[in-house]
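Listed below are the residues making up each chain.
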Amino acid sequence: MRPLLSVRNLRIELPTRHGPVVAVDDVSFDIAPGEVLGVVGESGAGKSLTGSAIIGLLSPPLRMTSGQILLDGQRIDDLPEERMRRIRGRQIGAVFQEPLTSLNPLYTIGRQLTETIETHTALTPSQARTRAIELLEEVGIPAADRRIDSYTHEFSGGMRQRVVIALALCANPRLIVADEPTTALDVSVQAQILALLKSLRARHGTAMMLITHDMGVIAEAADRVAVMYAGRLVEIGPVREVIQRPKHPYTAGLMGSIPKIGGPRGRLRQIEGTMPGLAEIPTGCAFHPRCLQAMDRCRRDRPSLAPAGRVHTACWLYSASVDDLTAGGPDA
Amino acid sequence: MPEAPLVRTRGLVRQFDVSSPFLTRLLQGQGRRSLKAVDGLDLEIRRGETFALVGESGCGKSTLARMMVGLLRPTAGAIEFEGVDLSRLRTRAEQTPFRRKIQMIFQDPYSSLNPRWRIRHIIAEPIRTHHLIAKGPALDRRVAELLIQVGLSPRDGDKFPHEFSGGQRQRISIARGLASNPEFLVCDEPTSALDVSVQAQILNLLKDLQRSHGLTYLFISHNLAVVYQMADRVGVMYLGKLVELAGVEELFTRPRHPYTRMLLDTLPDLSMSGRHRVRVAGEVPNPIAPPAGCPFHPRCPYAHDRCRIEQPELRNHGGSLVACHLPDAALQ
């Protein structure tokens, strides 16, 4: 099956006084129609920038310096702003962390929804209003036909995030890019929003790129997960596989450092050190200074994504055997 | 005879005035309105233990923390430290010895450190305030020792906060918290602004320091997995009241209050076992107008008529204190 979204060798740079720093470095992945791909990483790993590049909203001076982004086989990264604006909304919806930044406090919920619907579809104003009420019902807003004329300040945080999701759904997009959609919410509301996102996927087959720092959210809602570290993709594969049998030492360390309920209480496993800043990414594998299994080669050569069991990982612990088999590898 | 608790609160209440401005009240005939952030709290914290408080935003846990360290005055009730009622201490001279023994670690390491001060100045401030060590080489040695205890280098003392990552800043906050040799440390969401691998480092550091310094912690968090790892006993708060108080193993294996059960059910299932969970419903009501009867009844799957009228008291059920008319319903 052809992927719905294809990101090829994405590179994002930030110009500084001391020359450009690379914020996202050679990242490639696909999202199949109807699939939820979780993208997980710590702050500064490049996950949100990757999402912004896909929806064409990288804020200058950040810019994409190489690579391609294809939607349904068509490049969308080099489109003029006017055409990209139409794709955003119609084919790709966006949900951000803080619902208030996506909503206009001076307009009613209904006006924001109907405007978006009228922009992206051929519906008449009264049809658009009916559709807006349907959308609000769909995202679980009680008494939607009355609440549609409310303003955002009359809604709670969870209800606002539901409205933002309704906005993203206005034109029935095939892909939703959701950047930390539950992070600003209380735990009980977070669970409800995740349930909503899952039900939307089940009903409409909407694919999703779910960007989060929270492995728990990934475990709940994603099919596959991509783990990012220092601007690079270090591991990608089915969620259960990555969570239960992480291959890359960073993924393994990350899983170990998550506090869990049940089992022994005591010291958590921790990864020593911190993720390097963009201007000081080490040579070879970016994780090697913190990796307990680092070898000479890890300090020297950068590993690329290669199959390891049911996942792909960028780590010499797994790629070594592949190189031995295929004469003409980087070291041959 | 059991040892007297280090900290005890009796009928602790804190109200905030949330009335409209005078003219609006006059013109619209409104009265004054108040919000009971903490509503009659009785708890005891034993020397050397970690007592955790969990709850969602607006439950009053941070208000309680701020009263504990003297940043807010209670509206009613008492906070006793080593048997002394802190609210009766009127003069600075009376308060100072207790202030030295009670310190706080804040949630946001970005706003809790003065950006214009060098780190050694920040860490030395409590020492100067309490006249513990005179300025000079002895003070420099003490600051260096504190930096080493929290895993930083003595050379970091010359830097400014912006030169550090979030996790390192939280280490600085902890060093400052330890500077006056406190006995009781109030940690208000100390890791919720941090990435998970950094969180593990800070939680381990807090555990190590507790052991080496014999500290008592009040640990406030919305993250149940973190609480499970850190706490000896746990109090669950909802709309300003304690709804359950139990030892950590008891609370996590036999949650008796339906709200505790609901919080546990919101936890993402990292083991991906597909265990059965009760669906979470509703959001925390507006604390200005809390529901009559049991404050949780509108969201409670077991609520019956009595819950809507009569507010349940905290009572002992199998070793846990529970404020519920049907304390065993959630166990089924």
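Use the structure listed above.
Quantities reported herein were computed from a predicted structural model and do not represent experimental measurements.

## Things to note about the overall build of chain A
- Looking only at helices and strands, chain A has 13 helices and 12 strands in total.
- Over its C-alpha atoms chain A spans a radius of gyration of 21 Å, differing by no more than 12% from the 20 Å that the globule rule assigns to 332 residues.
- For chain A, the spread of C-alpha atoms along the three principal axes comes to 70 × 50 × 45 Å.
- A fraction of 62% describes how many contacts in chain A between residues 6 or more apart in sequence connect residues 24 or more apart.

## Things to note about the overall build of chain B
- Helix and strand counts for chain B stand at 11 helices and 12 strands.
- In terms of overall size, chain B behaves like a compact globule, its C-alpha atoms giving a radius of gyration of 21 Å where 332 residues would be expected to give roughly 20 Å.
- Taken along its principal axes, the extent of the C-alpha atoms in chain B is 70 × 60 × 45 Å.
- Burial status across chain B gives 44% buried among its 332 residues.
- Considering only contacts within chain B whose residues lie at least 6 apart along the sequence, 67% involve residues at least 24 apart.

## Observations regarding the interface of chain A and chain B
- Chain A puts 33 residues into the contact, and the matching count from chain B is 31 residues.
- Among the residues making up the side of chain A that touches chain B, the classes are represented as 13 nonpolar, 12 polar and eight charged.

## Re the nonpolar core
- By size, the foremost hydrophobic cluster in this structure holds 184 residues, and its most contacted members are A:Leu175, A:Met209, A:Leu210, A:Tyr229 and B:Leu218.
- Considering each element in turn, this core owes the most residues, eight residues, to helix H7 (residues 157–169) of chain A.

## What about helix H1 (residues 47–54) of chain A?
All names here are of chain A.
- Summarising burial for H1: eight of the eight residues are buried, a large majority.
- Among the residues of H1, those classed as buried are Lys-47, Ser-48, Leu-49, Thr-50, Gly-51, Ser-52, Ala-53 and Ile-54.
- Backbone geometry just downstream of H1 places Gly-56 in the positive-phi region, at approximately 70°.

## Considering the packing of helix H6 (residues 166–178) of chain B against helix H7 (residues 196–213) of chain B
Residue and element names in this part refer to chain B.
- Packing of H6 against H7 leaves a shortest axis separation of 10 Å and a crossing angle of 15°. When the axes of H6 and H7 are compared, the pair comes out roughly parallel. In the packing of H6 onto H7, the handedness of the crossing is right-handed. In contact with Gly-166, Gly-167, Gln-170, Arg-171, Ile-174 and Leu-178 of H6, H7 contributes Val-198, Gln-201, Ile-202, Leu-205, Leu-209 and His-213.
- For the contact of H6 with H7, a count of residues per class yields six nonpolar, five polar and one charged.

## Side note on the pairing of strand S4 (residues 63–71) of chain A
All names here are of chain A.
- Relative to S4, strand S1 (residues 5–14) runs antiparallel, the two being bridged by seven bridges. Across the sheet, Val-7 pairs through a bridge with Ile-69, a residue of S4.
- Both S4 and strand S5 (residues 74–75) contribute to a ladder of two bridges, which runs antiparallel. Bridging across to S5, Leu-71 finds its partner in Gln-74.
- Counting the residues that bridge the hairpin from S4 to S5 gives two residues, and of these Asp-72 lies at a positive phi of roughly 55°.

Reading the values: rules and limits
- Residues numbered from 1 in each chain as written.
- Chains lettered and ligands numbered in written order.
- Predicted model: local features only at pLDDT ≥ 70, side-chain atom pairs only at ≥ 80, totals over all residues.
- Helix = DSSP H or I, 4+ residues; strand = E, 2+ residues; numbered from the N terminus.
- Rg over C-alpha atoms; globule rule 2.2 N^0.38 Å.
- Contact = placed C-beta atoms within 7 Å.
- Buried ≥ 20, exposed ≤ 12 C-beta atoms within 10 Å, placed from the backbone.
- Nonpolar A, V, L, I, M, F, W, Y, C, P; charged D, E, K, R; others polar.
- Core = buried A, V, L, I, M, F, W, Y, C linked by C-beta atoms within 7 Å.
- Axes fitted to C-alpha atoms, helices over the stretch in contact; angles between N-to-C directions.
- Parallel < 35°, antiparallel > 145°, perpendicular 65-115°, else oblique.
- Left-handed = near helix turned anticlockwise from the far one by under 90°.
- Pairing = 2+ DSSP bridges.

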